[in-house]
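Each chain is listed here by its residues.
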Amino acid sequence: MSDCLFCKMATGEISPEILYEDAELLAFRDINPHAPSHFLVIPKRHIATINDLQAGDAELVGKLYLAAARVAADLGVAEAGYRTVMNCNADAGQTVFHIHLHVLAGRHLAWPPG
Ligand code: 5GP
Ligand code: ZN
């Protein structure tokens with residue numbers, strides 16, 4: 001989608017601080033971090049929300065988590081722990097409508113979230 005911020009990152013039109021990239025995925029640091037390490041993992045293909053996922057996307061969603069774990073290990077935060085979050089629509093506070101897995105690490109994270 002030409003007007004989607006994260007599609008522009010996937011195509012290289014906008015260049016975030018990239019932590020991992022392959023043919024299907026991109027991981028980059030969040031511009032407004034809520035933890036010492038806060039990065040996002042996105043599929044390069046545009047999918048607006050979790051509600052738009054199709055059965056055929058199951059493997060792709062699994063790969064988001066594999067990439068999250070890989071980058072967490074690269075950053076040295078995997079053993080201490082981290083949180084993954086994917087917000088869906090207004091009540092969860094989704095602001096960018098291209099699915100993205102948040103990964104937050106580097107401090108104790110309270111539970112339950114607000
Ligand atoms: P959401 O609220 O949709 O779950 O999360 C969107 C995330 O994208 C936010 O944490 C926000 O800080 C991040 N974000 C928004 N614009 C940019 C940007 O231009 N660059 C980067 N790296 N992150 C962004
Ligand atoms: Zn998009």
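Scroll up to find the structure this text is about.
Residues numbered from 1 in each chain as written. Chains lettered and ligands numbered in written order. Predicted model: local features only at pLDDT ≥ 70, side-chain atom pairs only at ≥ 80, totals over all residues. Heavy atoms only, no water.

(A) The overall build of the protein, seen in detail. Within the protein one finds three helices and five strands. Along the protein, helices and strands appear, N-terminal first, in the series α-β-β-β-α-β-α-β. Relative to the 2.2 N^0.38 estimate, which gives 13 Å for 114 residues, the radius of gyration of the protein is 14 Å and therefore close to what a compact globule would have. Taken along its principal axes, the extent of the C-alpha atoms in the protein is 35 × 30 × 25 Å. Burial statistics for the protein: of 114 residues in total, 38% are counted as buried. (Helix = DSSP H or I, 4+ residues; strand = E, 2+ residues; numbered from the N terminus. Rg over C-alpha atoms; globule rule 2.2 N^0.38 Å. Buried < 20%, exposed > 50% of the residue type's maximum accessible area, 1.4 Å probe, protein only.)

(B) Main features of helix α2 (residues 58-75). Taking 1.5 Å as the rise per residue, α2 with 18 residues should run 26 Å; its terminal C-alpha atoms sit 26 Å apart, in good agreement. Where α2 is concerned, the buried positions are Leu60, Leu64, Ala67, Ala68, Val71 and Ala72. Seen end-on, α2 carries its buried residues on one side only, within an arc spanning 135 degrees. Across from the buried face of α2, at angles greater than 90 degrees, the exposed residues are Ala58, Glu59 and Leu66. (Expected span 1.5 Å × (residues − 1). Arc of directions from axis to C-beta.)

(C) Representation of the coordination of the zinc ion (ligand 2). Donor atoms from the polypeptide that bind the zinc ion (ligand 2) are Cys4 (SG), Cys7 (SG), His46 (ND1) and His98 (ND1), placed at 2.1 to 2.3 Å. Its four donor atoms give the zinc ion (ligand 2) angles of 105 to 117 degrees at the centre, a pattern that matches the tetrahedral case. (Donors = N, O, S within 2.8 Å, 3.2 Å for Na, K, Ca; no water. Tetrahedral: all angles 85-135°; square planar, octahedral: opposite > 155°, others 65-115°.)

(D) Quick look at the sheet that holds strand β3 (residues 37-43). As summarised here, the arrangement of the five strands in space is β1-β2-β3-β5-β4, forming an open sheet in which the pairing is antiparallel. Strands with a single pairing partner mark the edges of an open sheet, and in this sheet they are β1 (18-21) and β4 (82-85). With direction set aside, neighbouring strand axes in the sheet form an average angle of 20 degrees. (Pairing = 2+ DSSP bridges. Axes fitted to C-alpha atoms, helices over the stretch in contact; angles between N-to-C directions.)

(E) Spotlight on unusual backbone geometry. Note the cis peptide between tryptophan 111 and proline 112, where omega equals 0 degrees. You can see proline 112 is positioned in the segment after β5 (101-105).

(F) Region of the structure containing the layout of surface pockets. Of the volumes computed, that of the largest pocket is approximately 560 Å³. Looking at the largest pocket, it is lined by 28 residues, and the ones nearest its centre are Asp30, His34, His38, Asn87 and His102. Elements represented by at least two residues in the lining of the largest pocket include exactly α1 (5-11), β2 (25-29), β3, β4 and β5. Class assignment of the residues belonging to the lining of the largest pocket gives a composition of 13 nonpolar, 10 polar and five charged. (1 Å grid on protein atoms, 1.4 Å probe; cavity = no way out; pocket = protein on both sides within 12 Å on 5 of 7 lines; lining within 4 Å. Points joined across faces, edges and corners; volume = space filled by probe spheres on them. Nonpolar A, V, L, I, M, F, W, Y, C, P; charged D, E, K, R; others polar.)

(G) Representation of the site of ligand 1 in the model. Around ligand 1, the surrounding shell holds 16 residues, and the nearest of these are Arg29, Asp30, Asn87, Thr95 and His102. Interatomic distance of 3.0 Å between a backbone N/O atom of glycine 93 and an oxygen atom of ligand 1. In isolation ligand 1 offers 520 Å² of accessible surface; the protein chains occlude 82% of this area. Of all the cavities here, the one that holds ligand 1 is the largest pocket. When contributions to the shell around ligand 1 are tallied by element, the ones reaching two or more residues are α1 and β2. The element that contributes the greatest number of residues to the shell around ligand 1 is α1, accounting for three residues. Residues of the shell around ligand 1, tallied by class, amount to seven nonpolar, seven polar and two charged. (Near = heavy atom within 4 Å. Polar contact = N/O pair within 3.5 Å; in protein donor to acceptor, adjacent residues only side chain to side chain. Areas by Shrake-Rupley, 256 points an atom, 1.4 Å probe, with all protein chains shown as cover. Sits in = over half its atoms within 2 Å of the grid points.)

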